Amino acid sequence: MNIQHCGFSTKAVRAGEIPDFREGSAGDIVVPIHLASTFARKEVDVLTGGYEYTRSLNPTRKALEDKLAAIENAAYGLVFSSGSAAELNVLLALLKTGDHILGFDDLYGGTKRLFTDILPDYGITFSFVDATRPQLVEQAIRPDTKLVWLETPTNPLLKVCDIRAVAAITRRRGIILVVDNTFLSPYFQHPLELGADVVLHSSTKYLGGHSDVLGGAVATNNAQYYERIQFYQNSAGAVLSPFDSYLTLRGIKTLALRMEQHQKNALTVARFLEQHPQVQRVLYPGLESHPQHELSKTQASGFGGVLSFELKSTVAEAKAFLERLKVFSIAESLGGVESLIELPSVMTHASMTEEERHKTGITDTLIRVSVGIENIEDLIADLKQALG
Ligand code: P1T
């Protein structure tokens, strides 16, 4: 069986976990959790099965890295102890003092914090641009720009940018394009096929899928970038543990089923909110009213399970609405089976300055929802009672 030629769910279930029938193996149908931190060898110069020390490589982590590469249709996959660790590894591996990063102006607050508060200490500069308009990206590129960083859709404003158009610009100029694919997951979007050089995930979210594991993932087809990022992964050591690799392997197997249900529920919630008299605006790429609804359909096969909205309310009223909810939990993070709701201005994006938040459009009353896979009737009833 050549797994590369199989469909998405076959890869999600089987890739990286082909049973081992060699003498002494049990033919495990799921890859075992290899807890060993080090691997013994019979001869000094010969590694057993290619393994040496778990920071460098571990069989359970390797199974996940292979599965990740398969579902992203990539040649190489690497996994880290968190999405943030994956981001810092990619940035330090691919950039040097004097380089400039051009970032989408709407990104996860923690990603922006790496650009604004960490990298300048190492002589790496940054600026932000509204990447929904590719011509603005082109204009914002400087002679020292080495890397463009996109999220699409973005966190928390669900802005969508044209990956193909931005990739055409970065390719022409030899600039690295990184796309954070956390919100759609490889089930709905394949940025490498649209021209990105590196794709990244907080696997804490949809890949893990059950709010019980933190992780980060990177995939690429570029051997040079892969070797450099892998060198940093081993040198810095922010690797995913064997147990967390196992949880993520387990999560990915049901990714297709979960994403379908997240999206179905999210669209129903978005439509319900859009027609509610107390709702000011709803941001969800699956709604016809979303400014990049048509663009989304040309580069992704779905719209995901996250949406944001604003009530016609004060901050205190928005907080009281969240606190009246009984099925939705007030919590950071997204992509788990449970419906989560939060106020980005005081939670996930609190690390941004107020000025920067307002410039980007993150108002104090913006509410972000990660719609889970519960029964939709219960979610709608909960929103109704809390709005009422
Ligand atoms: O939390 P961590 O696994 O380190 O991943 C960071 C990260 C990277 N990229 C995106 C798009 C993200 O949303 C995140 C983390 N986001 C949240 C915790 C959140 O609630 O938005």
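Keep in mind that what you see is a predicted model, and the values were worked out from it rather than measured.

Next up on the list: helix α2 (residues 59-71). With 13 residues, α2 should cover 18 Å at 1.5 Å per step; its first-to-last C-alpha distance of 19 Å lies within 8% of that length. Across the 13 residues of α2, eleven count as buried, placing the element largely inside the fold. Among all positions of α2, only P59, T60, R61, A63, L64, E65, K67, L68, A69, A70 and I71 are buried. The secondary structure elements touched by the buried residues of α2 are α1 (8-14), β1 (76-80), α7 (185-188), β7 (216-220), α8 (223-236) and α9 (242-252). Residue N58 occupies the N-cap position of α2, its side-chain oxygen lying 2.8 Å from the main-chain nitrogen of T60.

Of all the positions in α9, only P242, S245, L247, T248, L249, G251 and I252 are classed as buried. Summarising the contacts, the buried residues of α9 are in contact with α1, α2 and α10 (255-274).

This next bit is on the sheet that holds strand β8 (residues 279-283). Reading across the sheet, the five strands line up as β8-β9-β12-β11-β10 and stay open at both edges, with mixed pairing between neighbours. Each edge of the sheet is formed by a strand with only one pairing partner; in this case those strands are β8 and β10 (329-330). Looking at chain direction, strand β11 (residues 340-342) and strand β12 (residues 366-370) are connected through three bridges and run antiparallel. Across the sheet, the residue bridging to L340 is S370, located in β12.

Each domain of the protein chain was delimited in the assignment, giving domain 1 (3-252) and domain 2 (255-387). One C-alpha centre belongs to domain 1, the other to domain 2, and the line joining them spans 26 Å. Counting from both sides, the interface comprises 42 residues of domain 1 and, opposite them, 43 residues of domain 2. Of the roughly 3,300 Å² buried between domain 1 and domain 2, counting both surfaces, carbon and sulfur atoms make up 58%. Taken together, the connections running from domain 1 to domain 2 amount to one salt bridge. A salt bridge links K112 to E356, with the nearest nitrogen and oxygen atoms 3.6 Å apart. Contributing elements (two or more residues each) for the side of domain 1 that touches domain 2: α1, α4 (109-118), α6 (163-173), α7 and α9. Counted by class, the side of domain 1 that touches domain 2 contains 20 nonpolar, 14 polar and eight charged residues.

Take the site of the ligand next. Of all residues adjacent to the ligand, which total 18 residues, the nearest are S84, D180, T204, S333 and R368. Contact distances for the ligand include 2.9 Å between an oxygen atom and a side-chain N or O atom of N155. One of the side-chain N or O atoms of S202 is found 2.9 Å from an oxygen atom in the ligand. If the ligand stood free it would expose 480 Å²; the protein chains cover 93% of that surface. Looking at which element gives the most residues to the shell around the ligand, the answer is helix α3 (residues 83-94), with three residues. Its residues placed into classes, the shell around the ligand shows two nonpolar, ten polar and six charged. Both of domain 1 (3-252) and domain 2 (255-387) provide at least three residues apiece to the shell around the ligand.

Generally speaking, nonpolar side chains in soluble globular proteins are found buried as a group. Core analysis: the largest hydrophobic core is formed by 43 residues, its most contacted members being L91, I101, L147, W149, L150 and I229. Residues within four places of L147 in sequence aside, it is in contact with L91, L94, L95, H100, I101, L102, I175, I176 and V178.

Here seven strands make up an open sheet; going across it, the order is β1-β7-β6-β5-β4-β2-β3 and the pairing mixed. The open sheet is flanked by β1 and β3 (125-129), the only strands paired with a single partner. Across the sheet, the axes of successive neighbouring strands diverge by a mean angle of 20°, strand direction being ignored. Pairing of strand β2 (residues 100-104) with β3, which is carried by five bridges, proceeds in the parallel orientation. Among the inter-strand pairings, L102 is bridged to a residue of β3, identified as S127.

Analysis parameters
- Residues numbered from 1 in each chain as written.
- Predicted model: local features only at pLDDT ≥ 70, side-chain atom pairs only at ≥ 80, totals over all residues.
- Heavy atoms only, no water.
- Helix = DSSP H or I, 4+ residues; strand = E, 2+ residues; numbered from the N terminus.
- Expected span 1.5 Å × (residues − 1).
- Buried < 20%, exposed > 50% of the residue type's maximum accessible area, 1.4 Å probe, protein only.
- Contact = heavy atoms within 4.5 Å.
- Polar contact = N/O pair within 3.5 Å; in protein donor to acceptor, adjacent residues only side chain to side chain.
- Pairing = 2+ DSSP bridges.
- Domains from an automatic or database assignment.
- Buried area = accessible area lost by both parts, 1.4 Å probe.
- Salt bridge = Lys/Arg side-chain N within 4 Å of Asp/Glu carboxyl O.
- Nonpolar A, V, L, I, M, F, W, Y, C, P; charged D, E, K, R; others polar.
- Near = heavy atom within 4 Å.
- Areas by Shrake-Rupley, 256 points an atom, 1.4 Å probe, with all protein chains shown as cover.
- Core = buried A, V, L, I, M, F, W, Y, C linked by side-chain atoms within 4.5 Å.
- Axes fitted to C-alpha atoms, helices over the stretch in contact; angles between N-to-C directions.

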